[in-house]
Number of protein chains: 2
Amino acid sequence: MNGAAAVITTAVRAGVDTCFANPGTTEIHLVGALRESPSIRPILCLFEGVCTGAADGYARMAGRPALTLLHLGPGLANGVANLHNAQKAHTPVINLVGNHARRHLNNDSILASDIAGIARPVSVFVRQTTVVEDSARDFAAAHRAAVEHLGVATLILPADVQWSELKGDQASPTLRGSHRTYDSRDVATAAAALRAARPAALLLGGNALLERGLVAAGRIQAAVRCRVFCTRAPARIEAGPGIPIVERLGYFPEASAAQVAGVGCFVLAGTDNPAAIFAYGDGPTHVIPHDRHVVELARPLDDATAALEALADELAAPAPVLTARRRPELPGGKLSSRNLADTLAAVQPDQAILVDEANTSAANLFEAAGAARVTYLGLTGGAIGIGSPLAIGAAVASPDRPVIAVQGDGSAMYTLQALWTQARERLHVTTVICANRSYRILDVERERAGIARLEGPAATLIDLTDPTIDWVKIAHGMGVEGSRAATPRELSEQLSASVAAEGPHLIEAVLET
Amino acid sequence: MNGAAAVITTAVRAGVDTCFANPGTTEIHLVGALRESPSIRPILCLFEGVCTGAADGYARMAGRPALTLLHLGPGLANGVANLHNAQKAHTPVINLVGNHARRHLNNDSILASDIAGIARPVSVFVRQTTVVEDSARDFAAAHRAAVEHLGVATLILPADVQWSELKGDQASPTLRGSHRTYDSRDVATAAAALRAARPAALLLGGNALLERGLVAAGRIQAAVRCRVFCTRAPARIEAGPGIPIVERLGYFPEASAAQVAGVGCFVLAGTDNPAAIFAYGDGPTHVIPHDRHVVELARPLDDATAALEALADELAAPAPVLTARRRPELPGGKLSSRNLADTLAAVQPDQAILVDEANTSAANLFEAAGAARVTYLGLTGGAIGIGSPLAIGAAVASPDRPVIAVQGDGSAMYTLQALWTQARERLHVTTVICANRSYRILDVERERAGIARLEGPAATLIDLTDPTIDWVKIAHGMGVEGSRAATPRELSEQLSASVAAEGPHLIEAVLET
């Protein structure tokens, strides 16, 4: 057994079953090891940002990490933006990155680079294996770091470590899982605070947003009449009929400030005090003002679900009020950013996984999602180009559920190579491209900054109309069926047909501006 | 004047006239400053890897840096792979990257990241401006670093540094250019070594490969009958009728080892002893074996042209032997990797700029390029996805010359967003997609590594046939005219038509395998 086989064998023992890959010469022995390990499904992505975003989506749905397989520093670098999103989502991801043979590491060959340096800003764990005997143990350490610290672990494997034969028995390292907990004293503190303050609020994030945590939060709300908020861009939240209602915080700082203005006490579960997306002028930098009482019930890596359940029990809380089904009417007229979310909500099916990278084109997508019982996946790190890859991972992890990825056109362009993998793997993903044909957010921010309307050459920096992108042709070019919708009726018919069919489909929703 | 305007004004003073941009909220004041600076042409790219590759291509042709404008850590990260190529090419590039307002830097907002950490592995200069009064001076330092150290300079500008007003007069920093030189004692040493050794060789790279350096090398060759080699993947080399003949080193270490086997003495100009692309088994790690005599006439940052001219004069060298025009016959039959380079050479025009990311599909593209007087731009850093962006930059810098970008299909997929910018800017670029529909190099490397032919799921890791990518549809979707060629005749006709027309065109060259 060589080092590559030791790594892949250990991954199998750890329960890894999926590898999103774009390997090169320095990973060829890991490819050889995958050849011999049929229990790991290799999925080729034609750009590394697709690999890393897909691994994120997989873990958000499966609750366990997938592998990526990336080629040296440049391959890893191409995946960094979506690894940034994964880190902010607290998603476990394990990158395997090849490197030159050890005696060639410092020779300034054309593909030599500081791989660990590239990995560090987006990893909770970075290690290069230096002797073949450590390869299994190093993989186990990477796996443990990803699962226990809920983030990205990057293991760098020199080519000769992969190809060298292990002497004697292979190492068989212990694989430990996550053992998150919470402090039971904080439960009593939170209960007292919620009873005393009027009004108080729960502010939820991270692992508080799965069904059990939300039900516990709903019970607490029923007991003490507090508000219940969630972070703006959750990694994953359950929503819709049967799930308690949660108010999502606004995007701009003044919007969230208005939401929480009257709240005197906040109990945090699964999140810290969220930072503002940007600091404008001398405006607020955090959602919760300095002068409010804050109880940290469960920090992001704690078991927020168990903490919330304990708190509900402590309060002897009754059953929660659940969201009632409320399907909006299908809007009339032309499609626009004002009616896109309602149009989708009018037809989206229960059990759908809704990937939201709509940005300005459907800012209320989450709020409208309550029309059906869905799982919502958000843009956690603000690095655009995650949606289509995330949809791949979600569809691989949950093959029985339809995935609907709602994508700004500017964002979708970043990682459009994902369409090809959706076609190859016959994934049940419907991509809705919100074709407003501009970087609309930039014009909003220009106005907020008090800069005059862009004219002349600078105006081209936010305009996507020259040439107009034909998403249907691009989809066809990648092997994905495509269609175009200009009205809510057309979009609803095409979406219903796509959800009822198999395999991927892309709908270019042309938005009136 | 605010900090953003101070930076852009200083860039104008430094002679910068082009900015490849994909800005976001934290760069909006730089966008505002560009609005007021019509002498800098802003060019929108729909992915940052396109911005950075285009800036590389621009500087290779123009001989001076362009700006990129990138959004925070994720935007920069998306550009890192092509910045790696630019660093290996010794190309000056200046990245402007926005950051949060200073008081928001450490608040763990969703877009917070270690921007300097992301930049460092691919920059000769990284600085974050901390007070608005330093903004012009910091830009000048970045410009100087890029030009003098021939690499990537990254200047990070917090949003509030951009928007704050300068008090009093703006700083007007000195802008110095490059002052590279060489050591004249090395000229005498090299002359003596070349006279004494039989056979000896010149090994050229970097700035030795422009016309003057090559003519000087040709004179030296005529004087002492030495061999003349160049590095495998030069950033830029002139070639064809009127230029002395140069032997390019082979891709695999055993190929270059065979080329240089009998050479006892090497004179290096514009390069160090090149490292092997990869180290295989216990094979060589460098082109020049340890036991040979080496004279470093001009290191990569020295003025190799002047050093070669001084050496030619020292040797009282006669006129060089120049390449004679030799057009290959147009091959018959179907297109394949075996006849693609000759097919292109049969019709490519003088003055063309040839961008080579063909990889296995046309390994002898450079050698065949001698049919016409062309400028050849190579894949310096091995990070694929550079060709289409490089073609943008070359076309912007040299609008009167046709650009022919020969692209492996796997490589082209990495940064296909470049097609849209080619369409928007009406650039005279012909993209030839070498559609072999596989990661062919990986199968070659698998065989070299002694791994059995890939079967089952692992075989999908090198195969691009399911689904087949329809490049003509993708081009149309991006606003670029496209056509498909299956024979040398079809390709030659389509290429000739495209070169004679205006604006971009894509040809999918379907290769028989």
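All figures in this text were calculated on a predicted structure; none of them were measured in a lab.

A. Main features of the packing of helix α9 (residues 184-196) of chain B against helix α12 (residues 304-314) of chain B. All names here are of chain B. At a minimum axis distance of 9 Å, the contact between α9 and α12 shows a crossing angle of 55°. By the criterion of interaxial angle, the relationship of α9 to α12 is oblique. At the point where α9 passes α12, the crossing takes the right-handed sense. Between α9, through Val 187, Ala 190, Ala 191, Leu 194 and Arg 195, and α12, the contact on the second element is made entirely by Ala 307, Ala 310, Leu 311 and Glu 314. Class assignment of the residues belonging to the contact of α9 with α12 gives a composition of seven nonpolar, no polar and two charged.

B. How the structure looks around the relation of the copies chain A and chain B. Laying chain A over chain B is done by rotating through 180° and shifting 0.0 Å along the axis; what remains is an RMSD of 0.0 Å. Interpreted geometrically, this transformation is the action of a two-fold axis. Considering only C-alpha atoms, the residue of chain A closest to the rotation axis is A:Ile474, which sits at 2.3 Å. Mapped onto chain B, 99% of the interface residues of chain A are again interface residues, and the two copies thus contact each other with one and the same surface.

C. Seen up close, the sheet that holds strand β14 (residues 374-377) of chain B. Residues and elements named next belong to chain B. Strands sit in the order β9-β14-β13-β15-β16-β18-β17 across an open sheet of seven strands; the sheet is mixed. Both outer strands of the open sheet, β9 (237-239) and β17 (481-485), are each paired with one neighbouring strand and no more. Pairwise comparison of adjacent strand axes, ignoring direction, gives a mean angle of 20° for this sheet. Two strands pair when backbone bridges link them, and strand β13 (residues 353-357) and strand β15 (residues 403-408) are joined in this way by five bridges, in the parallel orientation. Note on β15: the bridge partner recorded for Glu 357 is Gln 407. Packing of helix α20 (residues 488-500) onto the sheet brings it into contact with β15, β16 (429-435), β17 and β18 (505-510), and relative to β17 it is tilted by some 160°.

D. Structural view of the interface of chain A and chain B. Between chain A and chain B, the contact holds 96 residues from the first and 95 residues from the second. Summing both partners gives a buried area of about 8,100 Å² for chain A against chain B, and 65% of it is carried by carbon and sulfur. Connecting chain A to chain B are eight salt bridges. At eight residues, the largest contribution of residues to the side of chain A that touches chain B is made by helix α4 (residues 72-89) of chain A. Residue composition of the side of chain A that touches chain B, grouped by class: 50 nonpolar, 29 polar and 17 charged.

E. Focus on the side chain of A:Asn436. On the secondary structure map, A:Asn436 appears in the loop between β16 (429-435) and α17 (440-448). Not counting residues within four places of it along the chain, the set of residues in contact with A:Asn436 comprises A:Thr360, A:Ser361, A:Asp409, A:Leu511 and A:Thr513.

F. Focus on the pattern of salt bridges. As enumerated under the stated definition, the model contains 62 salt bridges over all chains in all. Ionic pairing is found between A:Asp108 and B:Lys88, a salt bridge with its closest N-O pair at 3.0 Å. Placement of the pair is A:Asp108 in the loop between β4 (93-99) and α5 (115-119) and B:Lys88 in helix α5 (residues 80-89), with the two residues belonging to separate chains. Classification of A:Asp108 as exposed rests on a relative accessible area of 55%. Residue B:Lys88 is classed as partly exposed on the basis of its relative accessible area of 23%. A salt bridge links B:Asp17 to B:Arg64, with the nearest nitrogen and oxygen atoms 2.9 Å apart. Taken as a pair, B:Asp17 in the loop between α1 (3-13) and β1 (18-22) and B:Arg64 in the loop between α3 (48-62) and β3 (67-70) lie far apart in primary sequence, 47 residues in all. Here the residues in one salt-bridge network are A:Arg437, A:Asp470, A:Lys473, A:Arg484 and A:Glu508, joined through shared partners.

G. The arrangement of the sheet that holds strand β7 (residues 200-204) of chain A in detail. Residues and elements named next belong to chain A. Taken together, five strands build an open sheet; the order of strands is β10-β8-β7-β11-β12 and the sheet is parallel. Both edges of this open sheet fall to β10 (247-248) and β12 (293-298), since each of them pairs with a single strand only. Judged from the five bridges that link them, β7 and strand β11 (residues 265-269) form a sheet pairing that is parallel. Bridged to Leu 202 within β11 is Val 267. Of the strands in this sheet, β7, β11 and β12 touch helix α8 (residues 184-196), which is tilted by about 140° from β12.

H. The arrangement of the state of the cysteines in detail. Residues and elements named next belong to chain B. Inspection of every chain in the model, using the stated rule, returns zero disulfides over all chains. Of all cysteine sulfurs in the structure, the one in Cys 51 sits closest to Cys 45, which takes part in no disulfide; the separation is 4.0 Å. Given the relative accessible area of 0%, Cys 45 is considered buried. Note on Cys 226: no disulfide assigned, nearest cysteine sulfur contributed by Cys 265 at a separation of 9.3 Å.

About the thresholds
- Residues numbered from 1 in each chain as written.
- Chains lettered and ligands numbered in written order.
- Predicted model: local features only at pLDDT ≥ 70, side-chain atom pairs only at ≥ 80, totals over all residues.
- Heavy atoms only, no water.
- Axes fitted to C-alpha atoms, helices over the stretch in contact; angles between N-to-C directions.
- Helix = DSSP H or I, 4+ residues; strand = E, 2+ residues; numbered from the N terminus.
- Parallel < 35°, antiparallel > 145°, perpendicular 65-115°, else oblique.
- Left-handed = near helix turned anticlockwise from the far one by under 90°.
- Contact = heavy atoms within 4.5 Å.
- Nonpolar A, V, L, I, M, F, W, Y, C, P; charged D, E, K, R; others polar.
- Least-squares fit on C-alpha atoms with pLDDT ≥ 70 in both.
- Pairing = 2+ DSSP bridges.
- Buried area = accessible area lost by both parts, 1.4 Å probe.
- Salt bridge = Lys/Arg side-chain N within 4 Å of Asp/Glu carboxyl O.
- Buried < 20%, exposed > 50% of the residue type's maximum accessible area, 1.4 Å probe, protein only.
- Disulfide = S-S within 2.5 Å.

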